[in-house]
Each structure stands twice: as C-alpha cells, then as structure tokens.
Amino acid sequence: MPSISPEPHSFSSSRKIGWLAAATVAGCVLWTIGWFLVAEKIEDNLPETMARISGPNASAGCARAEVRGYPFRFGLFCQTLSYGNTSEGVTVLSGALRSAAQFYRPGHVVAEIDGPLAITAPGLDARVDWQVLQTSVQAAPGGLNRGSLDVRNVRFDIDAAGLTRKFAIQADKIIAHGRKNGPDLDIALYGEQLQNNLVTKLVAKAFTLEATLPGQAGVLDAPYKPISGPFDVRFHRLAIELDDTSSLEISGPVQIGADGRLSGTLEVTVRNQKRFIELSTNISPEIANLFNRFAPVISSLDSKPGKDGITLPLTIENNRVSLGMFPLGQLPDF
C-alpha cells in the first residue's frame with residue numbers, strides 16, 4: 001500500500017502558525033521585561049522627580065511608593081502624600097494616591113486621592129475631607145498644561161489668624177479646572193449645595209468662579225512656586241446662587257499687593273436684594289439696617305437699569321470694601 005506524504009501546503013501553514021505563536025510568546029516576554037524595567041526606573045527616579053517638582057527649601061514624599069498597572073498602564077501608588085516647605089513653614093499631608101496612565105498616552109494621568117488633607121502654615125490650620133476625589137492632568141515638558149479636580153461630599157475646616165472662630169464649609173460637589181493660556185493662568189471652580197457654619201441659614205444652590213491670572217501660567221511649571229504678590233486677578237464671573245430667583249454676581253479686576261491687601265473696582269449684580277438683606281442680618285445687623293434704610297437710594301444707583309437685578313459698583317481699597325457710597329467693612333489680609 002503506497003504511503004501518503006503530507007501536502008506541502010499543509011506543512012507550510014503549520015510552520016507559519018508555529019512561528020506566529022513563537023513570535024507572540026517572545027513579544028509578550030519582551031513586553032513584560034520592558035514594562036518591569038520601566039516601572040523599576042520610575043520608582044528609582046521618584047525621589048529625584050519629586051525633588052524637582054517641589055523645588056528648593058521644600059520636599060515632597062510618597063510613602064511606600066509602588067508602580068502598578070501591568071500590562072498596559074503605568075500607575076504610581078502611595079500610601080500617603082506629603083509636602084513641606086521649611087522657608088514658608090508649610091506642611092501638607094494627605095491619604096493614599098492611586099494613579100494611572102495608558103502606555104500610549106503617558107502624559108495624561110488620572111488619579112484618586114484619599115482624605116483627609118491636613119494643612120498647617122503660620123496662622124493657619126486646615127483640614128479637608130471628602131468621599132471621592134478624582135483628578136486628571138495633562139503633563140508637558142517642565143510641568144503641566146492643564147488639570148482638573150472633581151470632589152464629592154467635601155468638607156473644609158479652617159482655623160486661621162483673624163477668624164473669631166473656626167470656619168467650616170461643606171459642599172455636595174466641587175469641580176475645579178486650571179490651564180495655561182499663553183502666559184496667563186485660567187481657573188474655574190464650580191460648587192453645588194454649599195453650606196457654612198457662620199451663616200447657618202445660607203445654603204448656596206450653586207457657586208461659580210471663573211477668572212484669569214495674567215502672567216501666572218508658571219504656577220503649573222516645575223519646580224512649583226506659589227503665587228505671591230503683587231499680582232492681578234480678572235474675575236469674569238464670581239457668583240453665588242441661592243435659588244432660581246436669588247443670586248449675587250461679581251466681575252472685574254482686583255490687584256493683590258505685596259502686603260496681601262486687595263484693591264479693585266468691581267461690579268456686583270444682586271437679584272432679589274430682599275433675600276440678601278435678610279441674610280445679612282445674620283452676618284452684621286448694622287449692615288442689614290443700613291441696607292433697609294437706604295434701599296430706595298441703592299436702587300437709584302443701579303448702573304444697568306431695566307435688567308434683571310440691581311448692578312452697583314463695588315470698590316475695594318487696601319481691603320476696605322464699599323458698595324457705592326456705603327462702607328461694608330474690612331477684609332482680612334490675603
């Protein structure tokens with residue numbers, strides 16, 4: 001009986017499959033080796049990287065640092081995060097960090113940070129806690145291009161010089177954004193359902209801050225350098241909405257001097273001024289009485305009559321605040 005030899009085509013196909021399988025295994029092995037080499041390099045260079053970010057006279061720490069995410073991500077995990085600046089007397093400590101970046105987009109990093117965050121500085125003792133805090137940053141050579149923050153169920157407890165008692169504020173949600181815009185820094189902050197312990201009846205449905213800091217884009221560069229006066233802030237919109245019919249909105253430029261004092265000429269628009277006069281009673285009965293007595297005069301000073309609400313000039317001169325011709329008081333140093 002004649003023997004049957006395998007067809008050349010079948011043998012060739014089997015050999016190709018074998019080579020493909022071998023190449024796949026070899027690729028996986030090389031990828032694994034490469035991933036762990038990169039992870040090891042990140043961990044080895046971490047102290048140097050954090051020193052470069054924190055700058056002179058400061059230090060940053062990542063306790064029990066570990067790189068995870070194999071096979072397609074690289075993420076830095078820390079048990080705690082810390083920052084200290086000896087020249088400024090500032091210390092910051094937070095909970096665990098969990099971050100991740102896809103290997104094909106290493107500059108885009110997302111992270112979660114556990115609370116609480118404790119901050120101590122001369123004349124300041126603050127604590128921030130939250131349920132969920134998520135961040136997203138877009139890195140660039142020498143620093144960041146932009147960053148975002150999303151916090152849920154957050155509470156701030158602040159004890160500072162100049163305060164007669166501890167200040168506490170809480171919010172259901174806070175979202176913050178910062179980005180470079182040429183040489184300037186654009187910032188935005190949005191909050192929902194804000195409450196505080198100073199004005200117990202004040203519950204803000206929404207809070208909005210949209211502003212530009214001219215010439216301050218470098219705050220996103222490494223090493224980190226805090227903003228110090230003198231500098232300017234252009235408020236595009238600073239608004240507190242109590243409900244659908246009651247809100248207070250401020251816009252205009254402010255200058256912060258080297259001594260921390262504020263000066264500027266702003267516009268403030270009040271919708272439903274009666275509601276704000278009622279709330280001002282809990283803050284300062286003297287100011288509330290002043291507004292009640294001169295309510296008709298205040299209405300006559302409206303710089304944009306016919307629009308929804310009353311728009312008045314708000315003047316700040318070396319921390320002294322006045323609304324039109326009415327003095328409101330003195331701000332603490334910035």
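Here's a quick rundown of the structure. (Residues numbered from 1 in each chain as written. Predicted model: local features only at pLDDT ≥ 70, side-chain atom pairs only at ≥ 80, totals over all residues. Heavy atoms only, no water.)

**Focus on the overall build of the chain**
A tally of regular secondary structure across the chain gives 4 helices and 20 strands. Counting all 334 residues of the chain, 29% fall into the buried class. Contacts in the chain between residues far apart in sequence, at least 24 positions, make up 47% of those at least 6 positions apart. For the chain, the accessible surface area stands at approximately 20,300 Å², while carbon and sulfur atoms represent 60% of it. (Helix = DSSP H or I, 4+ residues; strand = E, 2+ residues; numbered from the N terminus. Buried < 20%, exposed > 50% of the residue type's maximum accessible area, 1.4 Å probe, protein only. Contact = heavy atoms within 4.5 Å. Areas by Shrake-Rupley, 256 points an atom, 1.4 Å probe, with all protein chains shown as cover.)

**Observations concerning the layout of surface pockets**
The volume enclosed by the second largest pocket comes to roughly 220 Å³. Every element with two or more residues in the lining of the second largest pocket is listed here: β10 (132-140), β11 (143-160), β12 (167-181), β13 (184-196) and β14 (203-213). A per-class count over the lining of the second largest pocket returns 4 nonpolar, 9 polar and 4 charged. (1 Å grid on protein atoms, 1.4 Å probe; cavity = no way out; pocket = protein on both sides within 12 Å on 5 of 7 lines; lining within 4 Å. Points joined across faces, edges and corners; volume = space filled by probe spheres on them. Nonpolar A, V, L, I, M, F, W, Y, C, P; charged D, E, K, R; others polar.)

**Examining the pattern of salt bridges**
In the structure shown here, the tally under the stated rule is 13 salt bridges. Between Arg-98 and Glu-112 there is a salt bridge whose closest N-O contact spans 3.2 Å. In this pair, Arg-98 sits in strand β6 (residues 97-102) while Glu-112 sits in strand β7 (residues 108-113), placing the two residues 14 residues apart along the sequence. With relative accessibility at 31%, the residue Glu-112 sits in the partly exposed group. A salt bridge links Asp-221 to Lys-180; the shortest N-O distance between them is 2.4 Å. (Salt bridge = Lys/Arg side-chain N within 4 Å of Asp/Glu carboxyl O.)

**Observations concerning the environment of Thr-49**
Summarising the element assignment, Thr-49 is placed in helix α1 (residues 8-54). Since its relative accessible area comes to 26%, Thr-49 is described here as partly exposed. Spatially, the C-alpha atom of Thr-49 lies 9.5 Å from that of Ala-60, the residues being 11 residues apart in sequence.

**Observations concerning the pairing of strand β17 (residues 262-271)**
Strand residues, when the strand is regular, have side chains that alternate between the two faces of the sheet. Residues Leu-262, Gly-264, Leu-266, Val-268 and Val-270 point to one face of β17 and are all buried, whereas Ser-263, Thr-265, Glu-267, Thr-269 and Arg-271, pointing to the other face, are not buried. Sheet topology places strand β16 (residues 247-256) next to β17; 8 bridges connect them, and they run antiparallel. From the neighbouring strand, Glu-249 faces β17, where its bridge partner is Thr-269. Hairpin remark: β16 followed by β17, antiparallel, with 5 residues in the connecting loop; positive phi at Gly-260, about 85°. Taken together, the 7 bridges between β17 and strand β18 (residues 310-317) define a ladder with antiparallel strand orientation. Within β18, the residue paired with Thr-269 across the bridge is Thr-311. (Pairing = 2+ DSSP bridges.)

**Considering the state of the cysteines**
Under the criterion given, the structure shown has 1 disulfide. Between the sulfur of Cys-62 and that of Cys-78 lies a disulfide, 1.7 Å long from S to S. Across the S-S bond of Cys-62 and Cys-78 the torsion is about -90°, and the bridge reads as left-handed. One end of the pair, Cys-62, is in strand β1 (residues 58-62); the other, Cys-78, is in strand β3 (residues 73-78), with 16 residues separating them in the sequence. (Disulfide = S-S within 2.5 Å.)

**Focus on a nonpolar patch on the surface**
A grouping of Trp-31, Phe-36, Tyr-70, Phe-72, Phe-103 and Tyr-104 is seen on the molecular surface, where their side chains present a nonpolar patch of about 670 Å² in accessible area. Following the sequence through the fold, Trp-31 ends up in helix α1. Its relative accessible area of 35% is what places Trp-31 among the partly exposed residues. (Patch = residues over 30% accessible without salt bridge, like charges linked within 9 Å, V, L, I, M, F, W, Y side chains within 5 Å.)

**A look at the environment of Val-203**
For Val-203, the position within the fold is in strand β14. Remark: the alpha-carbon pair of Val-203 and Glu-241, spanning 38 residues in sequence, is separated by 9.0 Å. Those residues in contact with Val-203, other than ones at most four positions away along the chain, are Gln-193, Leu-194, Gln-195 and Leu-242.

**Points about the nonpolar core**
Across soluble globular proteins, nonpolar side chains show a tendency to be buried alongside one another. Residues Trp-130, Val-154, Val-233, Ile-256, Leu-266, Val-268 and Leu-314 are the most contacted members of the largest nonpolar core, which totals 40 residues. The dominant element in this core, judged by the number of residues it contributes, is β14, at 5 residues. (Core = buried A, V, L, I, M, F, W, Y, C linked by side-chain atoms within 4.5 Å.)

**Regarding the packing of aromatic side chains**
Within this structure, the stated rule accounts for 8 aromatic pairs. Each ring, one from Trp-31 and one from Phe-72, has its centre 6.4 Å from the other, and the planes form 50°; the classification is tilted. Note that Trp-31 is positioned in helix α1 and Phe-72 in the loop between β2 (66-68) and β3, a separation of 41 residues in sequence. On the accessibility criterion, Phe-72 (49% relative accessible area) is partly exposed. Through pairs of rings, three or more aromatic residues link up here, namely Trp-31, Phe-72, Phe-103 and Tyr-104. (Phe/Tyr/Trp six-rings, centres within 6.5 Å; stacked < 30°, edge-to-face > 60°.)

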